[in-house]
Amino acid sequence: MACNKIDGDKKEEDTNASAILKYIESGAQLQTLTNSFMNEFVFDNINVVSVGAYPQQPFVFYYDAAWSKQLTNELYLNRHLSATAGAGSMTMEDYSSLGFVKISDSRLNESPYKNLLLVKKSDNNKRDWRFEMHIPLENNNRRSQNITISGSYSPWNDHLEATVPAPPGDNEVVSVMLQLIESQKL
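Source: prediction; values computed, not measured.

Topic: the packing of aromatic side chains
Turning to step 1, where the next piece is worked out: Going through the model one piece at a time under the given rule, you end up with eight aromatic pairs.
Turning to step 2, where the next piece is worked out: One aromatic cluster is present, built from ring pairs that chain together Tyr 23, Tyr 54, Phe 59, Phe 61 and Tyr 63.
Turning to step 3, where the next piece is worked out: Above the plane of the ring of Phe 37 lies Arg 79, whose end atom (NZ or CZ) is 4.2 Å from the centre.

Quick notes on the confidence of the model for the chain
Turning to step 1, where the next piece is worked out: Chain-level statistics for the chain give a pLDDT mean of 87 and a share of 88% at 70 or above.
Turning to step 2, where the next piece is worked out: Across residues 1-11 the pLDDT falls below 50, and counting only partners more than four positions away or on other chains, this stretch makes 18 contacts in the model.

With respect to helix α1 (residues 27-38)
Turning to step 1, where the next piece is worked out: A rise of 1.5 Å per residue sets the reference length of α1, with its 12 residues, at 16 Å; its end C-alpha atoms lie only 13 Å apart and thus fall more than 12% short of the reference.
Turning to step 2, where the next piece is worked out: Taken together, the buried residues of α1 touch β4 (42-53), β5 (56-70), β6 (76-87), β9 (129-135), β10 (144-154) and α3 (170-179).

Quick word on the pattern of salt bridges
Turning to step 1, where the next piece is worked out: Tallied over the full model, the rule gives eight salt bridges.
Turning to step 2, where the next piece is worked out: Two residues, Glu 40 and Lys 69, come together in a salt bridge whose shortest N-O distance is 2.6 Å. Taken as a pair, Glu 40 in the loop between α1 and β4 and Lys 69 in strand β5 lie far apart in primary sequence, 29 residues in all.
Turning to step 3, where the next piece is worked out: Close ionic contact of Glu 161 with Arg 127 constitutes a salt bridge, the shortest N to O distance being 2.8 Å. Of this pair, Glu 161 sits in the loop between β10 and α3 while Arg 127 is found in the loop between β8 (117-121) and β9, placing the two residues 34 residues apart along the sequence.

A few points about unusual backbone geometry
Turning to step 1, where the next piece is worked out: A cis amide bond links Gln 57 to the next residue, Pro 58, at an omega of -10 degrees.
Turning to step 2, where the next piece is worked out: Of note, the amide linkage connecting Ser 154 to Pro 155 takes the cis form, showing an omega dihedral of -10 degrees.

Quick word on α3
Turning to step 1, where the next piece is worked out: The complete set of buried residues in α3 reads Val 173, Val 174, Val 176, Met 177 and Leu 178.
Turning to step 2, where the next piece is worked out: Contacts from the buried residues of α3 go to α1, β8, β9, β10 and β11 (181-185).

Let's talk about the sheet that holds strand β7 (residues 100-102)
Turning to step 1, where the next piece is worked out: Pairing in this open sheet of seven strands is antiparallel, and the strands run β4-β5-β6-β10-β9-β8-β7 from one edge to the other. A strand with exactly one partner marks an edge of an open sheet, and here the two such strands are β4 and β7. If you compare each strand with its neighbour and ignore which way they point, the axes differ by 15 degrees on average.
Turning to step 2, where the next piece is worked out: Both β5 and β6 contribute to a ladder of nine bridges, which runs antiparallel. Residue pairing for β6: Tyr 63 is matched across the bridge by Ala 83.

Criteria and thresholds
Residue indices follow the written sequence of each chain, beginning from 1 at its first position. pLDDT decides what is reported in this predicted model: residues at 70 or higher carry local features, side-chain atom pairs at 80 or more are listed and counted, and totals for whole chains, interfaces and linings draw on all residues regardless. To obtain the side-chain values, all non-hydrogen atoms of the structure were used and water was disregarded. In this analysis, rings of Phe, Tyr and Trp, with Trp reduced to its six-membered ring, are considered paired at centre separations within 6.5 Å, and the interplanar angle assigns stacked below 30 degrees, edge-to-face beyond 60, and tilted for intermediate values. By definition here, charges over rings are those cases where NZ of Lys or CZ of Arg is within 6 Å of the ring centre and within 35 degrees of the ring normal. Confidence scores here are pLDDT values: one per residue, from the predictor, ranging 0 to 100. Should any heavy atoms of two residues lie within 4.5 Å, those residues are considered in contact. The secondary structure listing takes helices from DSSP runs of H or I that are at least 4 residues long and strands from runs of E that are at least 2 residues long, numbered from the N terminus. Expected span of a helix, by definition, is 1.5 Å for each gap between consecutive residues, and there is one gap fewer than residues. Should a side-chain nitrogen of Lys or Arg be within 4 Å of a carboxyl oxygen of Asp or Glu, the pair is scored as a salt bridge. Any residue under 20% of the maximum accessible area for its type is buried, any over 50% is exposed, and the rest in between are partly exposed; the area is computed with a 1.4 Å probe on protein chains only. When DSSP finds two or more bridges between a pair of strands, those strands are recorded as paired. Note on definitions: angles span 0 to 180 degrees between N-to-C directions of axes, and those axes are lines fitted to C-alpha atoms, for helices only across the stretch in contact.

In C-alpha cells form, the structure reads like this:
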C-alpha cells in the first residue's frame, strides 16, 4: 500500500484495487446515482440483464437506460446510458481509430481509477455526442467493462438546433460515471 496526501489528510491508497461496475438492479437505483446529471430529464426506461452472482464468475450483467426532456412542443433531448460487464478489450489506439479522444481528469490519477480509460467523440456536437469509460479487467479470467453515455435531440432540424444546449462537459460526465463504479480488490 502506498500513502497519498490528499487535502492535508493521509489517505491509504490500495494499489491492489480496481474499479468495477456497481451492481444496478432497478431504475430507481440508477436514477439516484445519476440524479445530478439527469435531474431535468424524465426517466423513460431501463433494461437490466443479470444472470449469475455478479461480480463472482460466471455472470452476465448489463443495463441500458434512457431519459428524455421536452424543450418545446416539437423538440426533445435524449440521453442514453449503458453499461456492460462483458466488454472486449479496447486501447486508446482502438478508440482513436474510431474517432475518440482521451479525457484527462485528475481524479483518475489515483487507485482504483488509474486503470480507467475515458474517451469522448472528437466531434461531439448537439446532434450526436458520446462518452465512454473503459475498465480493463483482462486478468483472473475476467472480461473488461464499459460505460457509455450518449445523447442527441429530435427531430434534427437546422432551425431548431440553436435552441438545443451544447453537449455536457467532460467534468460533468466523468463525475456521473464515477458514481456508477466501485472499488474491488484484485
